[in-house]
Number of protein chains: 2
Amino acid sequence: MVFKVTPWEVKGKVDYNKLINQFGTKPITDDLIEELEKIAGKSHFFLRRKIFFSHRDFDNIIKWYKAGNEFALYTGRGPSGNTHLGHLLPWIFTKYLQDAFDAELYFQLTDDEKFMYNPDLTLEQTHNFAYENALDVIAIGFKPKKTFIFANTDYANTLYKIAIKVAKKTTFSTAKAVFGFTNETNTGMIFFPAMQAAPCFLPTILKGKEVPALIPAAIDQDPYWRGIARAVADKLNYPKPAQIHCMFLPGLGEEGKMSASDPDSAIFTTDSEKDVDKKIAKAFTGGRATVEEQKRKGGIPEVCSIYKYYYFLFEEDDKKLSEIFNNCRSGNLLCKECKAELASRIKRFLKKHQDAREKAKDKLDLFIVKD
Amino acid sequence: MVFKVTPWEVKGKVDYNKLINQFGTKPITDDLIEELEKIAGKSHFFLRRKIFFSHRDFDNIIKWYKAGNEFALYTGRGPSGNTHLGHLLPWIFTKYLQDAFDAELYFQLTDDEKFMYNPDLTLEQTHNFAYENALDVIAIGFKPKKTFIFANTDYANTLYKIAIKVAKKTTFSTAKAVFGFTNETNTGMIFFPAMQAAPCFLPTILKGKEVPALIPAAIDQDPYWRGIARAVADKLNYPKPAQIHCMFLPGLGEEGKMSASDPDSAIFTTDSEKDVDKKIAKAFTGGRATVEEQKRKGGIPEVCSIYKYYYFLFEEDDKKLSEIFNNCRSGNLLCKECKAELASRIKRFLKKHQDAREKAKDKLDLFIVKD
């Protein structure tokens, strides 16, 4: 089965074990999970279910922290549209990490990248999306005093100074090999990886001491860290950033990740209750042609997008998740009922998120940093 | 005769007429000079002597101005070291233009470029040079209320927003063709032409109306405007920048331009009287082997670096310049005397410049813009 994972494209059915080999990362082991959960004081189902499944140097970050040192969290979002649940997934885990380590979080909104990459988007649009997306970030509940959210074009004076140091050490050959750039790639996109690498070193620069970054993000962003930030860190005498990688949240269709470019595949944080009902009603399931057949043969939760949503976000309790799985398999749980339950959980989640998002409008000043 | 002129390299004896053809610019005609001098209310020997010899759309700028519209001047400096007389040449003419048109001047100090281009320079060094060079700019006598000097890394928030619009419309293919970039070029240098193009559009953006830029600069900078800024202006709906090009100030050796990388070829604005005496004493002349021979055969002012300095900077009066030329040719003016006179003029010039430069230290705030 052919699949392709780059920072701009995820195609086909992703084989995550293959990615670990292909990207040269390490799987998150049970020992590592245990150690993290001990520090956090609680477990997280993203770890138990290996939704966060891979890492680079996360073990070293834990050692560094246990030796009494500080590290910073860094993640971000390409603001090309509204936020959907797939975007929230790594942010929810980032909050778990912030709480566990009482760490600062640097959150980059790449309005420059999304403008330069997409011929149809203006900078005004991506800049507006950046601030819309920031509301979703704040709504997750990060600590205001320890969280710094910035849109690249409003923080360029700080970032550009770092990015040109990264870019000076990055040839076109390297960028081409890492990102597949061609002669037709625009010169802004060629420079951009240096802007995305810059916040890896920002905590160290701001604090005037070694403060490595730990980056929780979907695995498709790995080339930035592997190919650029980690490659130049030594040359610039900055600590190498560590990563912890998650899977993509599947879409509501038969295959593929939740994608903003296919609105039916995605639940957006701004969706109405009606939108949710409609999208869940249309979602692909592992159900049978008729109720009668399903009662007899049972459903197929392994392929069901509804089941995946329980798994990834809406049923934290492993025992209850098992029950859903088994009741589907046995034909006791029918799609209609299962969908209705998921829809009501999503609506409950969105209601809470949208309230927090609304309140975030008055809190932007506490989080946004600008030059 | 082979010569090469790029923004980073000037080699061989430059054939300026060939450059006009090669770059596709227009020669500055006598009619254009007459028109400019009428507006300025005075003549300038840089024009009479065709030291400013070529242009793009300068005629249109004059039309635009005569129709009651505003334009802005834009020039700059790559701060890789101290300022020498070769740098001052276009700035002196820029002051003439500012006075003539009462135009705003945007002055870019590309500390980013010089850092990224030169493996041996740190950003701290180029940033310091930028502010050293700014003192020389201010010493020229520009109007404080109409002159905006910025180092790129201190004004990146403003410039980056424009540069990414330029870069989005510039493929690697184009940048390669214009600047000769290779796979080994670093990704910062590949992006940089967009940063240099940005100030072309800054006056239009700041004023919210069409304010074209006129760029007085040495001809080697032309690829930036031709290949990047002018190429994207229409696509971005900004006015195309106009240019007026000058020759390079020759060095004190037998051939080549005044160059910071060959300190003996150049008089720096920070040179002492002793430095000047030493450099002029060593300078290449059109003199003969012995005084006796020179009195008999006369000197060769056409090849003499000392004569070039009278021509380019230190004898504004055409009649007096002719006398120097003829007296040399006839053997009446000997090198020793001629050098002593030039040295004393340079020292007088530097004394005045260094005083103004010292005073400029208290005026930086009036000129420097930062984000």
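What counts and how
- Residues numbered from 1 in each chain as written.
- Chains lettered and ligands numbered in written order.
- Predicted model: local features only at pLDDT ≥ 70, side-chain atom pairs only at ≥ 80, totals over all residues.
- Domains from an automatic or database assignment.
- Helix = DSSP H or I, 4+ residues; strand = E, 2+ residues; numbered from the N terminus.
- Nonpolar A, V, L, I, M, F, W, Y, C, P; charged D, E, K, R; others polar.
- Buried ≥ 20, exposed ≤ 12 C-beta atoms within 10 Å, placed from the backbone.
- Pairing = 2+ DSSP bridges.
- Right-handed = clockwise from strand over helix to strand, strands pointing away.
- Least-squares fit on C-alpha atoms with pLDDT ≥ 70 in both.
- Contact = placed C-beta atoms within 7 Å.

**Observations concerning the domain arrangement of chain A**
Residue and element names in this part refer to chain A.
Right, on to step 1. The domains assigned to chain A are domain 1 (4–248) and domain 2 (263–358).
Right, on to step 2. Look at where the C-alpha atoms of domain 1 and domain 2 centre, and you get two points 30 Å apart.
Right, on to step 3. For the side of domain 1 that touches domain 2, the secondary-structure elements that each account for two or more residues are helix H3 (45–48), helix H5 (85–101) and helix H7 (123–139).
Right, on to step 4. Taken together, the residues that form the side of domain 1 that touches domain 2 break down as six nonpolar, four polar and three charged.

**As for the pairing of strand S6 (residues 104–109) of chain A**
Two faces, one strand: in a regular strand the side chains alternate between the faces of the sheet.
Residues and elements named next belong to chain A.
Right, on to step 1. In terms of residue burial, S6 counts as a mostly covered element, since six of its six residues are buried.
Right, on to step 2. Side chains of S6 alternate between two faces, with Glu104, Tyr106 and Gln108 and Leu105, Phe107 and Leu109 buried alike.
Right, on to step 3. Bridge count between strand S5 (residues 72–77) and S6: six bridges; the pairing is parallel. Along S6, the bridge assignment pairs Thr75 with Phe107.
Right, on to step 4. Each parallel crossover has a hand, and for S5 linked through H5 to S6 it is right-handed.
Right, on to step 5. Sheet analysis places S6 next to strand S7 (residues 147–151), joined by five bridges and oriented parallel.

**Concerning the sheet that holds strand S8 (residues 213–218) of chain A**
Right, on to step 1. The seven strands lie next to each other as S3-S4-S9-S8-S5-S6-S7 (chain A), forming an open sheet whose pairing is mixed. Of all strands in the sheet, those bounded by a partner on one side alone are strand S3 (26–27) and S7 of chain A.

**Considering the relation of the copies chain A and chain B**
Right, on to step 1. Turning chain A through 180° and shifting it by 0.0 Å along the axis lays it on chain B, with an RMSD of 0.1 Å. Considering both components of the superposition, the chain copies are consistent with a two-fold axis. Across chain A, the smallest distance between a C-alpha and the rotation axis is recorded for Asn157 of chain A, namely 2.4 Å.
Right, on to step 2. Of the interface residues in chain A, 100% have counterparts in chain B that sit at the interface too, so the contact is made through matching surfaces.

**Concerning the interface of chain A and chain B**
Right, on to step 1. If you look at the interface, chain A gives 28 residues, while chain B gives 28 residues.
Right, on to step 2. Of all the secondary-structure elements, those providing two or more residues to the side of chain A that touches chain B are helix H6 (111–117), helix H8 (156–168), helix H9 (172–179) and helix H10 (187–207) of chain A.
Right, on to step 3. The dominant element in the side of chain A that touches chain B, judged by the number of residues it contributes, is H8 of chain A, at eight residues.
Right, on to step 4. Partitioned by chemical class, the residues of the side of chain A that touches chain B number twelve nonpolar, ten polar and six charged.

**Considerations on the sheet that holds strand S9 (residues 242–246) of chain B**
Residue and element names in this part refer to chain B.
Right, on to step 1. The strand order S3-S4-S9-S8-S5-S6-S7 describes an open sheet built from seven strands, whose pairing is mixed. Single-partner strands in this sheet number two, and they are strand S3 (26–27) and strand S7 (147–151).
Right, on to step 2. With two bridges joining them, strand S5 (residues 72–77) and strand S8 (residues 213–218) adopt parallel strand pairing. For Leu73, the partnering residue across the bridge sits in S8 and is Leu214.

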